[in-house]
Each structure stands twice: as structure tokens, then as C-alpha cells.
Amino acid sequence: MKVYEQVEAGTSEKQIVEYMTYRFGDMVHYQPPFNSHTALLWLGPLFILAALSLVIFRKAKWLQKDSQP
């Protein structure tokens with residue numbers, strides 16, 4: 001609603017983005033900048049992928065160990 005009101009008032013796109021960034025942080029961008037506030041946003045998927053890879057690797061190793069006579 002606030003964006004609609006600003007557009008109707010003739011506010012420029014740059015000013016609207018600056019307002020939204022000030023109000024809600026860098027998370028409002030489709031591609032937020034990498035900084036200390038958004039590091040988890042950028043690195044989170046990599047940590048999850050690494051953790052899942054480790055779990056799968058250990059599970060495969062455990063199943064291989066159990067299948068040997």
C-alpha cells in the first residue's frame with residue numbers, strides 16, 4: 001500500500017527503493033548486496049548443501065560397512 005501511495009504521489013523509483021531499503025533492510029532487493037547483514041542469506045544455501053552432502057556421504061559409508069560380511 002505504501003508503494004502505491006508513493007507512486008501516486010509521483011515519487012521516483014530510486015526514492016521508493018531507498019525508502020523500502022531504509023525501512024526493511026537490504027532483503028527487499030531481488031539481489032541484495034553481500035555484506036554482514038546479508039551473509040547468512042547468501043551463504044545459507046551453501047551451508048545446507050554441505051550439511052546434506054555430509055549426511056549422505058556418511059549414510060552411504062555406513063550402509064556400505066553394514067553390507068560387508
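Residues numbered from 1 in each chain as written. Predicted model: local features only at pLDDT ≥ 70, side-chain atom pairs only at ≥ 80, totals over all residues. Heavy atoms only, no water.

Novice: Residue-level account of the overall build of the protein, with values.
Specialist: Across its full length, the protein holds three helices and zero strands. Along the chain direction, N to C, the helices and strands of the protein fall in the order α-α-α. The principal-axis extents of the C-alpha atoms in the protein amount to approximately 75 × 25 × 15 Å. Expressed as a percentage of the 69 residues in the protein, the buried residues total 10%. Accessible surface computed for the protein: about 6500 Å², of which carbon and sulfur atoms make up 65%. With 7 positive and 6 negative side-chain charges, the protein shows a spacing of 21 Å between the two charge centroids. (Helix = DSSP H or I, 4+ residues; strand = E, 2+ residues; numbered from the N terminus. Buried < 20%, exposed > 50% of the residue type's maximum accessible area, 1.4 Å probe, protein only. Areas by Shrake-Rupley, 256 points an atom, 1.4 Å probe, with all protein chains shown as cover. Lys, Arg positive; Asp, Glu negative; His and termini not counted. Charge placed at Lys NZ, Arg CZ, Asp CG, Glu CD.)

Novice: Account for a nonpolar patch on the surface, naming residues and giving values.
Specialist: A cluster of nonpolar side chains, namely Met-27, Phe-34, Leu-41, Trp-42, Leu-43, Leu-46 and Phe-47, defines an oily patch on the protein surface of about 740 Å² accessible area. With a relative accessible area of 56%, Phe-47 lands in the exposed category. (Patch = residues over 30% accessible without salt bridge, like charges linked within 9 Å, V, L, I, M, F, W, Y side chains within 5 Å. Salt bridge = Lys/Arg side-chain N within 4 Å of Asp/Glu carboxyl O.)

Novice: If you had to explain the UniProt feature "transmembrane region" (unreviewed entry) in the protein to someone new, which residues and values would you point to?
Specialist: Mapped onto this structure's residue numbering, the UniProt feature "transmembrane region" (unreviewed entry) falls at residues 39–57. Secondary structure content for residues 39–57 is 100% helix and 0% strand, while the C-alpha to C-alpha distance between its ends is 27 Å. (UniProt positions renumbered as here; feature names shortened; annotations may be inferred.)

Novice: Talk me through helix H3 (residues 39–67); I want residue IDs and the actual numbers.
Specialist: If you check H3, its first and last C-alpha atoms are 42 Å apart, about what 29 residues at 1.5 Å a residue would give, namely 42 Å. The axis of H3 is deflected most strongly, by about 25°, at Pro-45. (Expected span 1.5 Å × (residues − 1). Bend = angle between axes of the 7 residues up to and from the residue.)

Novice: Go over the UniProt feature "domain: CcmH/CycL/Ccl2/NrfF N-terminal" (unreviewed entry) in the protein with me, naming the residues and quoting the values.
Specialist: The positions UniProt marks with the feature "domain: CcmH/CycL/Ccl2/NrfF N-terminal" (unreviewed entry) are residues 2–65. With 72% helix and 0% strand, residues 2–65 has its two end C-alpha atoms placed 60 Å apart.

Novice: Explain the side chain of Gln-6 to me, using residue names and the numbers behind them.
Specialist: Here Gln-6 shows up in helix H1 (residues 2–8). When neighbours within four sequence positions are excluded, Gln-6 is seen to be in contact with Thr-11, Ile-16 and Tyr-19. (Contact = heavy atoms within 4.5 Å.)

Novice: Give a description of helix H2 (residues 13–24) that names residues and reports values.
Specialist: Here H2 contains twelve residues, and its C-alpha end-to-end distance of 16 Å stays within 8% of the 16 Å for a straight helix at 1.5 Å per residue. Positioned one or two residues after H2, Gly-25 has a phi angle of 95°, which is positive.

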